Amino acid sequence: MTQPDREHAAVITVSDSVSAGLRVDMSGPAVALRLGQMGWSADVLVVPDEVAAISQEIARLADSEKYAVVLTTGGTGVAVRDVTPEATRAVLDREIPGIGEQMRAEGLRFTPRSILSRGIAGTRGRTLVVNLPGSPTGALQSLDCIVELIPHIVDLLNGKTEHEPAGETADTMRTS
Amino acid sequence: MTQPDREHAAVITVSDSVSAGLRVDMSGPAVALRLGQMGWSADVLVVPDEVAAISQEIARLADSEKYAVVLTTGGTGVAVRDVTPEATRAVLDREIPGIGEQMRAEGLRFTPRSILSRGIAGTRGRTLVVNLPGSPTGALQSLDCIVELIPHIVDLLNGKTEHEPAGETADTMRTS
Amino acid sequence: MTQPDREHAAVITVSDSVSAGLRVDMSGPAVALRLGQMGWSADVLVVPDEVAAISQEIARLADSEKYAVVLTTGGTGVAVRDVTPEATRAVLDREIPGIGEQMRAEGLRFTPRSILSRGIAGTRGRTLVVNLPGSPTGALQSLDCIVELIPHIVDLLNGKTEHEPAGETADTMRTS
């Protein structure tokens, strides 16, 4: 199995209007640029606000093992077309609830509406998947909450950082 | 499809003892009065602490499309009869995890036991559903955490506020 | 049905290396000692980082009705072998999301990585189940967030503290 490139990310813009060519995507490029500032490259893709389309794209990108991280932007709100969290959950192996909690808690510094952002995060195989809000400002604010943790998460998913043990790590503590 | 009345709410008191006529319901009326102060009307109903009864009542009220919001009070704790969150989850289309998080975080200002409140929130069709704690004081404290967001949520669910886009909203940004 | 001993806990160390005898378990004993300081006795058991093994051990201990509380330590992170939350969720009747939220929020005082701790809590029958992190320090910090609430939770699960009602509790408020 080839290990994913640990410095390559995919950004999926989830938007009916962008997907239909009715609107310029500002959020996907904004997220890609922010990743670029930390030395990552990023591909930007677009899907409509459809559960099947979103799930399939996340799964395809994660399973390609080309991307250490798959970020989505859009579809995390409470409007009836906002289904990104449900589509994401369907293809995750494991959730990381603290990432969504943190993005919402930090978002309260900007707007009380941040509690309506339903984004989730988790892993599929060795790929980290995170839902960001749809507006460029909201997407970057949420990304900034976790961006410094991403390299550590990617290392953990690829066995580069020791699995935090229940016992002591010092050799002197080993029984054998 | 008739749109629900956006200024009408249902309040479900979840309580074995109230349902059996052994106790006066103070929480349902307290929540209804608080909604009245913001210009909403509210019907108050009662069900026992039974998963099937709670689920059916939430689903029936939401599907009637008469109510923009369905609030429950009671059954959110950790006693073995407290099953409102499970009954609610079973009939939601989508969860809004930040509402429960915020009610618990704000509740910590009053009591460390607020973290034991297991209430959830979400949507069924165009109806917002929120679990509040069972005591009148707890129910009002939790409601106050989100009451100012309710009109915005109802607007989003009814397509009155633009779905927050991934792209820019200004007309000058449109490509067509 | 015999009521569980309300002052007896089980601590499950979840660790491949401890289970294989390659490492001394420091976290299980540390948690047991902390429980001892509050007057509880505690048995410490060890399982590897395998979903089936973790689920079966939690279910077996809870269903024995010998333990009011089952705590786990380890397997809550994002490394690919960390599956304790998934194994736990599979055997819970009900989740208490505020416990995980609180452990992560408090953990932020020590490290921004606390948001990566995926631990959950909930109930199986009358037994409280809580996932703690794997390091001794992390396990104790998380335990300290909730330790004062444990006797109250155990009382609620055993019907010793009145189920918080939707109505008033004072006798003068009763209708019959």
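Residues numbered from 1 in each chain as written. Chains lettered and ligands numbered in written order. Predicted model: local features only at pLDDT ≥ 70, side-chain atom pairs only at ≥ 80, totals over all residues.

Could you give an account of the overall build of chain A, with specific residues and numbers?
When helices and strands are tallied, chain A shows seven helices and six strands. For chain A, the sequential pattern of α-helices and β-strands runs β-α-α-β-α-β-α-β-α-β-β-α-α. For chain A, the residues scored as buried account for 57% of the 176 residues in total. Sequence separation of 24 or more characterises 72% of the internal contacts of chain A that already satisfy a separation of 6 or more. (Helix = DSSP H or I, 4+ residues; strand = E, 2+ residues; numbered from the N terminus. Buried ≥ 20, exposed ≤ 12 C-beta atoms within 10 Å, placed from the backbone. Contact = placed C-beta atoms within 7 Å.)

I'd like a description of the sheet that holds strand β3 (residues 69–73) of chain C, backed by residues and values.
The strands making up a sheet associate through backbone hydrogen bonding, with each pair oriented either parallel or antiparallel. Residue and element names in this part refer to chain C. Read across the open sheet, the six strands follow the order β2-β1-β3-β6-β5-β4; overall the sheet is mixed. Two strands close off the open sheet at either side, each with one partner strand: β2 (41–47) and β4 (94–95). Here strand β5 (residues 121–124) pairs with strand β6 (residues 127–132) via four bridges, running antiparallel. The residue of β6 that forms the bridge with Ala121 is Val130. (Pairing = 2+ DSSP bridges.)

Please give an account of the packing of helix α2 (residues 27–37) of chain C against helix α6 (residues 136–146) of chain C that cites residues and values.
Residue and element names in this part refer to chain C. At a closest axis distance of 9 Å, the pairing of α2 and α6 adopts a crossing angle of 30°. It follows that α2 is roughly parallel to α6 by the angle criterion. The crossing of α2 and α6 is right-handed. Across from Ser27, Ala30, Val31 and Arg34 in α2, the residues of α6 making contact are Pro136, Ala139, Leu140 and Leu143. (Axes fitted to C-alpha atoms, helices over the stretch in contact; angles between N-to-C directions. Parallel < 35°, antiparallel > 145°, perpendicular 65-115°, else oblique. Left-handed = near helix turned anticlockwise from the far one by under 90°.)

Lay out the interface of chain B and chain C with the relevant residues and their values.
Facing 32 residues of chain B, the contacting portion of chain C comprises 24 residues. No other element matches the three residues that helix α5 (residues 97–107) of chain B contributes to the side of chain B that touches chain C. Here the side of chain B that touches chain C is composed, by residue class, of 11 nonpolar, 13 polar and eight charged. (Nonpolar A, V, L, I, M, F, W, Y, C, P; charged D, E, K, R; others polar.)

Residues and numbers for the relation of the copies chain C and chain A, please.
Relative to chain A, chain C is turned by 120° and slid 0.0 Å along the rotation axis, the superposed coordinates differing by an RMSD of 0.0 Å. Here the symmetry operator amounts to a three-fold rotation axis. It is Glu101 of chain C whose C-alpha, among those of chain C, lies nearest the rotation axis, at 4.4 Å. Comparing contact sets, just 3% of the residues at the interface of chain C also lie at the interface in chain A, consistent with a heterologous contact between different surfaces. (Least-squares fit on C-alpha atoms with pLDDT ≥ 70 in both.)

I'd like a description of the pairing of β3 of chain C, backed by residues and values.
All names here are of chain C. Extensive coverage of β3 is indicated by the burial of five of its five residues. Here β3 shows no split at all, with Val69, Leu71 and Thr73 on one side and Val70 and Thr72 on the other all buried. One ladder, built from five bridges, connects strand β1 (residues 8–14) with β3; its direction is parallel. Pairing of Thr13 across the sheet is with Thr73, part of β3.

Lay out the sheet that holds strand β1 (residues 8–14) of chain A with the relevant residues and their values.
All names here are of chain A. Across the sheet, six strands lie side by side as β2-β1-β3-β6-β5-β4; this open sheet has mixed pairing. The sheet is open, and its two edges are formed by β2 (41–47) and β4 (94–95), each paired on a single side. In terms of strand pairing, β4 meets strand β5 (residues 121–124) through two bridges, oriented antiparallel. Considered in β5, the bridge of Arg94 is made with Thr123. Contacting β3 (69–73), β5 and β6 (127–132), helix α7 (residues 150–157) crosses the sheet at an angle of about 145° to β6.

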